[in-house]
Amino acid sequence: MSTTNTENPTLTKLLDAAEEQMLSCGYVAASIDGICTAAGVTKGSFFHYFKSKEELGKVLLERFGNRQQERFMDACTGIADPLERVYKVIETAIQSCQSPDMKGCLIGTFAQEISETHPELREICKCSFEGFATGMGADLTAAKELYAKGASFDAASLGAYFLSVIQGSMLLMRTNGDGEAMALNLEHFREYLRSLYGR
């Protein structure tokens, strides 16, 4: 890729069009020609920025992951209590899935579709998922020290459990065409945490 400056209007149009197409129909079905047409740019412009569709996929995954991380971090700004941060992340996720702009998770879409055929893309998905689960697990572990120190549950593994709830719910959301099932599952998970932590 010639540049990663996403303030470049042509690059931004390409990335936005590609993300929309890949969320809608998947990585394999999305074509370079279709992305260029949707973005209103030439194929030459595409290859000015990307050597291949896979390189585009890498940039899209990193951009999507960074955007999600920033959204959750912004939501938790100023919250010192680790359990309250977790609850804020859950609340933010519930709000997101109820928004009409919610199209799904690009990382989850890629992970399901190309994990056996594109190892470099799979590795980016893996790192993104592990980063999210580890971060949540760290807050849940810190919260256990504060509120449930003598309890026997493994707080760190709850981060991966939360990730599984989100990704499984994304599948239901795509199947049902709305985010209500995802919102309900996230609310169930929040109540489960309250039963573990007593608050």
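Scroll up to find the structure this text is about.
This one's a predicted model, so the numbers in the text were calculated from it and none came from an experiment.

**Q** Looking at this structure, how should I read helix 5 (residues 82-97)?
**A** Residues separated by three or four positions in an α-helix point in the same direction, a consequence of the helix having 3.6 residues per turn. In this model helix 5 runs 23 Å from its N-terminal to its C-terminal C-alpha over 16 residues, within 8% of the 22 Å that 1.5 Å per residue would give. Summarising the contacts, the buried residues of helix 5 are in contact with helix 4 (53-75), helix 7 (119-147), helix 8 (157-176) and helix 9 (180-197). Of the residues flanking the start of helix 5, the one acting as N-cap is Asp81, its side-chain oxygen 2.8 Å from the backbone nitrogen of Leu83.

**Q** Sorry, what's going on with empty space enclosed by the protein here?
**A** Tallied over the full model, the rule gives one cavity of 30 Å³ or more. There is about 60 Å³ of room inside the largest cavity. Around the largest cavity, the lining residues are Gly104, Cys105, Gly108, Thr109, Gln112, Gln167, Met170, Leu171 and Arg174. Looking at the lining of the largest cavity, the elements with two or more residues in it are helix 6 (106-114) and helix 8. Residue contributions to the lining of the largest cavity peak at four residues, all from helix 8. Classifying every residue of the lining of the largest cavity by side-chain character gives three nonpolar, five polar and one charged.

**Q** Sorry if this is basic, but what is going on with the packing of aromatic side chains here?
**A** Each aromatic ring pair is characterised by the separation of its centres together with the angle its planes make. Applying the stated criterion across every chain yields a total of nine aromatic pairs. Judged by centre distance (5.9 Å) and plane angle (45°), the rings of Phe72 and Phe132 are tilted. Highlighted residues: Phe72 in helix 4 and Phe132 in helix 7, separated in sequence by 60 residues. Neither Phe72 nor Phe132 differs from the other in exposure class; each is buried. Members of the aromatic cluster, connected to one another through ring pairs, are Phe72, Phe132, Tyr161, Phe162, Phe189 and Tyr192. Between the NZ or CZ atom of Lys53 and the centre of the ring of Tyr27, over which it lies, the distance is 4.6 Å. The residue whose ring lies beneath Lys144 is Phe153, and the NZ or CZ to ring-centre distance is 4.9 Å.

**Q** Would you explain the layout of surface pockets in this entry?
**A** Unoccupied space between atoms shows up once a probe the size of one water molecule is rolled over them. If you add up the space inside the largest pocket, you get close to 1,100 Å³. Gly65, Gln68, Gln69, Phe72 and Phe132 are the residues nearest the centre of the largest pocket, which is lined by 42 residues in total. Within the residue set of the lining of the largest pocket, elements represented by two or more residues are helix 1 (9-25), helix 4, helix 5, helix 7 and helix 8. If one sorts the elements of the lining of the largest pocket by residue count, helix 4 sits on top with 12 residues. Taken together, the residues of the lining of the largest pocket sort by class into 20 nonpolar, 11 polar and 11 charged.

**Q** Sorry if this is basic, but what is going on with the environment of Phe162 here?
**A** For Phe162, the position within the fold is in helix 8. Other than its neighbours up to four places away in sequence, Phe162 contacts Val89, Ile90, Phe132, Met136, Leu186 and Phe189.

The rules behind the values
Residues numbered from 1 in each chain as written. Predicted model: local features only at pLDDT ≥ 70, side-chain atom pairs only at ≥ 80, totals over all residues. Heavy atoms only, no water. Helix = DSSP H or I, 4+ residues; strand = E, 2+ residues; numbered from the N terminus. Expected span 1.5 Å × (residues − 1). Contact = heavy atoms within 4.5 Å. Polar contact = N/O pair within 3.5 Å; in protein donor to acceptor, adjacent residues only side chain to side chain. 1 Å grid on protein atoms, 1.4 Å probe; cavity = no way out; pocket = protein on both sides within 12 Å on 5 of 7 lines; lining within 4 Å. Points joined across faces, edges and corners; volume = space filled by probe spheres on them. Nonpolar A, V, L, I, M, F, W, Y, C, P; charged D, E, K, R; others polar. Phe/Tyr/Trp six-rings, centres within 6.5 Å; stacked < 30°, edge-to-face > 60°. Buried < 20%, exposed > 50% of the residue type's maximum accessible area, 1.4 Å probe, protein only. Lys NZ or Arg CZ within 6 Å of the ring centre and 35° of its normal.

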